[in-house]
Amino acid sequence: MGRIHWCGTGLSSGPGLRRLIDAGHAVTVWTIDEPAAYALLAGREAEISGFSQQALEATVQPGEVIVSMLPPDLHGDLAQIAVRRGAHFACSSYLSKQLRDLDGPAREAGVTILAEVGLDPGIDHLMAHDLVAGYRASGTVAAGNTLSFHSYCGGIPAHPNAFRYKFSWSPLGVLRALRTPARSIRHFTELKVRHPWEAVSRFDAPLPHPETFEVYPNRDSLPFVEEYRFDPAWRIEDFVRGTIRLLGWSDAWAPVFAALERDGPEAEERLADMADTLWRENAYHKDEPDRVVLVVSLEAKHDGRPVWHRSWMLDAQGDARGSAMARLVSGTVSLAVEAILRHEIPAGVHSAPHDPKLVKGWLGALESQAQYLARIDHLA
């Protein structure tokens, strides 16, 4: 069984790392913070090494797996090391151009590069693949149908605050994401917004105790129409991947939005100052529980009447095992690592699997990580 080289000991690493060790895998933890690594291990035995790319490349062997829980701008370098050494690579972040460009070399080397296997992206992909496969097999597919797809995910405080949000780490990433334009489909038309908060809407989540949130599109949803294997002939009324926030979030964040709209040479400096202030005022306290809500829904209508409508709903809270975000991100990464070691993912560059057996197995394994995880048939 190949050794796992787990790079990074940040807040999201612990649960998945411990799960792999508990399952009997040989693990080396690569870190620049040895005390943090020991804290993550929580008494477990694993080899700990000081991280550098040179040391990693000199150590990793063919058939082993490099896991990057480091910042996204380092994923490409570690994946290149994997290809050169005949090893595999996994991370939870979106597939970058640098990773996609490794597809040919990875296939030639017979190694797997697997990304988008965290929470979002990751678990949301699994749910989407399951829903699309279910619709295809339902017998309700017809030329006149119109489809609406919604995927919303967000980390929110389990105990709401006045700001309607709390930060587990530096707010800079959240602020920069809010400055990124978003593209989706709404009412059969491509919708582009310069700032995601310009498209905030209310969303009623099908939880056991129904709850209303605010949602907004983020990034570019359109490439996922093909990624989720929608038939090119299907008529799409709505297609959006976005973020979920507590009700009242857009009002509480209005001053932040106003500041983000200001451009100029000092914009990045102002952003850093604002991040520092937000961190001081709205960081999670030690052992304060977080919450993750994820909903993925696909509805087909014919002549305006629903003929097929199912949703996946996940609601998880931080508990004695640690934060919900960490369990779901690194827990899914650990499932991806085991799939690679079992040769269930082919050589080349891939995102979260669409194979029905893997989708079912991974979602089943994640049930224990959430307080609520269910697929709902709205027409049953």
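See the structure shown above.
Starting afresh in each chain, residues are numbered from 1 along the sequence in its written order. The predicted origin of the model limits local features to residues at a pLDDT of at least 70 and limits the giving and counting of side-chain atom pairs to 80 or more, whereas totals for whole chains, interfaces and linings rest on all residues. Note that the side-chain values use all heavy atoms of the structure and ignore hydrogens as well as water.

## What to know about the overall build of the chain
For clarity, the cut-off: The secondary structure listing takes helices from DSSP runs of H or I that are at least 4 residues long and strands from runs of E that are at least 2 residues long, numbered from the N terminus. Here the radius of gyration uses the C-alpha set of atoms, whereas the globule reference equals 2.2 Å times the residue count to the power 0.38. Working definition: with a 1.4 Å probe on protein chains only, accessible area under 20% of the residue-type maximum means buried, over 50% means exposed, and in between means partly exposed. Any two residues having at least one pair of non-hydrogen atoms within 4.5 Å are treated as being in contact. We score Asp and Glu as negative and Lys and Arg as positive, and we do not count His or the chain ends. Taken as the charge location is NZ of Lys, CZ of Arg, CG of Asp or CD of Glu.
Looking only at helices and strands, one finds 14 helices and 16 strands in the chain. Its C-alpha radius of gyration of 21 Å places the chain within 12% of the 21 Å reference for a compact globule of 380 residues. By the burial criterion, 54% of the 380 residues in the chain qualify as buried. For the chain, long-range pairs separated by at least 24 residues make up 70% of all intrachain contacts whose partners lie at least 6 apart in sequence. Mean positive and mean negative side-chain charge positions of the chain (38 and 48 charges, respectively) differ by 3 Å.

## Focus on empty space enclosed by the protein
A probe matching the size of a water molecule, rolled over the atoms, marks out where space remains unfilled. Applied cut-off: Using a 1 Å grid laid over the protein atoms alone, points where a 1.4 Å probe fits but cannot get out form a cavity; open sets with protein on both sides within 12 Å along at least 5 of 7 lines form a pocket; any residue with an atom within 4 Å of a point counts as lining. Grid points are joined across faces, edges and corners, and a volume is the space filled by probe spheres set on the points. Classification used: nonpolar for Ala, Val, Leu, Ile, Met, Phe, Trp, Tyr, Cys and Pro, charged for Asp, Glu, Lys and Arg, polar for all others including Gly.
Counting across every chain of the model gives 1 cavity of 30 Å³ or more. There is about 30 Å³ of room inside the largest cavity. Lining the largest cavity are Tyr94, Asp120, Asp124, Ser151, Asn218, Arg241 and Gly242. When the residues that make up the lining of the largest cavity are grouped by side-chain class, the tally is 1 nonpolar, 3 polar and 3 charged.

## Structural notes on the layout of surface pockets
For the largest pocket, the calculated volume is near 1800 Å³. Listed by contribution, the elements that provide at least two residues to the lining of the largest pocket are strand 7 (146–157), helix 8 (172–178), strand 12 (235–246), strand 13 (290–302) and helix 13 (324–341). The leading source of residues in the lining of the largest pocket is helix 8, at 6 residues. Tallied by class, the residues present in the lining of the largest pocket amount to 23 nonpolar, 18 polar and 7 charged. In this structure, the second largest pocket encloses a volume near 660 Å³. As for the second largest pocket, its lining consists of 25 residues, and the residues nearest its centre are Leu11, Asp287, Glu288, Gly322 and Ser323. Elements with a minimum of two residues in the lining of the second largest pocket: helix 1 (14–22) and helix 13. With 3 residues, the single largest contributor to the lining of the second largest pocket is helix 1. Classifying every residue of the lining of the second largest pocket gives 9 nonpolar, 9 polar and 7 charged.

## Quick word on the pattern of salt bridges
Put simply, the test is: Each salt bridge in this description consists of a side-chain nitrogen of Lys or Arg and a carboxyl oxygen of Asp or Glu lying within 4 Å of one another.
Across all of its chains, the model carries 19 salt bridges by this definition. The closest approach of N and O atoms between Arg241 and Asp120, which form a salt bridge, is 3.2 Å. On the criterion of sequence distance, the pair formed by Arg241 in strand 12 and Asp120 in the loop between strand 6 (112–114) and helix 7 (123–136) is long-range, its members being 121 residues apart. What makes Asp120 partly exposed here is its relative accessible area of 29%. Note that Asp287 and Lys286 form a salt bridge whose closest N and O atoms lie 3.4 Å from each other.

## Description of the packing of aromatic side chains
To keep things clear, this is the line we draw: By convention, a stacked pair of Phe, Tyr or Trp rings (six-membered ring in the case of Trp) has centres within 6.5 Å and planes under 30 degrees apart, an edge-to-face pair has planes over 60 apart, and any other such pair is tilted.
Following the criterion strictly, the structure yields 21 aromatic pairs and no others. Ring centres of Tyr165 and Phe167 lie 5.0 Å apart, and the angle between their planes is 75°; this geometry places the pair in the edge-to-face category. The burial state of Tyr165 is the same as that of Phe167; both residues are buried. Aromatic ring contacts, followed pair by pair, group Tyr94, Tyr135, Phe149, Phe224, Tyr228, Phe230, Trp234, Phe239 and Trp308 into a single cluster.

## Quick notes on the sheet that holds strand 4 (residues 65–68)
Strand pairing in a sheet is mediated by backbone hydrogen bonds. Such pairs are either parallel or antiparallel. Defined as follows: Any two strands between which DSSP finds at least two bridges are classified as paired. Axes, fitted as lines to C-alpha atoms, cover a helix only where it is in contact. Angles between the N-to-C directions of the axes lie from 0 to 180 degrees.
Strands sit in the order 3-2-1-4-5-6-15 across an open sheet of 7 strands; the sheet is parallel. Each of the sheet's edge strands pairs with one partner strand only, and the pair in question is strand 3 (47–50) and strand 15 (348–350). Shown here is a sheet whose adjacent strand axes are inclined to one another by a mean of 20°, direction ignored. Summarising the sheet, strand 6 and strand 15 pair through 3 bridges and their orientation is parallel. Note on strand 15: the bridge partner recorded for Thr112 is Gly348. Relative to the sheet, helix 13 contacts strand 1 (4–7), strand 4, strand 5 (88–91) and strand 6, its axis offset from that of strand 4 by approximately 165°.

## A few points about the environment of Glu268
The residue Glu268 is located in helix 12 (residues 267–282) in this model. The partly exposed category is assigned to Glu268, whose relative accessible area is 39%. A C-alpha to C-alpha distance of 9.8 Å links Glu268 and Leu172, two positions 96 residues apart in sequence.

## Remarks on the packing of helix 7 against helix 14 (residues 356–366)
The test is simple: With respect to orientation, any angle under 35 degrees is reported as roughly parallel, any angle over 145 as roughly antiparallel, any angle of 65 to 115 as roughly perpendicular, and every other angle as oblique. Left-handed describes a crossing whose near helix is turned anticlockwise from the far helix by less than a right angle; the clockwise case is right-handed.
For the pair helix 7 and helix 14, the least separation of the axes is 10 Å and the interaxial angle reads 130°. In terms of their interaxial angle, helix 7 and helix 14 are classed as oblique. As for how helix 7 packs across helix 14, the hand of that crossing is left-handed. In this structure, helix 7 contributes Ile123, Leu126, Met127, His129 and Asp130 to the contact, and helix 14 contributes Val359, Trp362, Leu363 and Leu366. The residue makeup of the contact of helix 7 with helix 14, split by class, is 7 nonpolar, 1 polar and 1 charged.

Interpretation note: all reported values are geometric properties and have no functional meaning in isolation.
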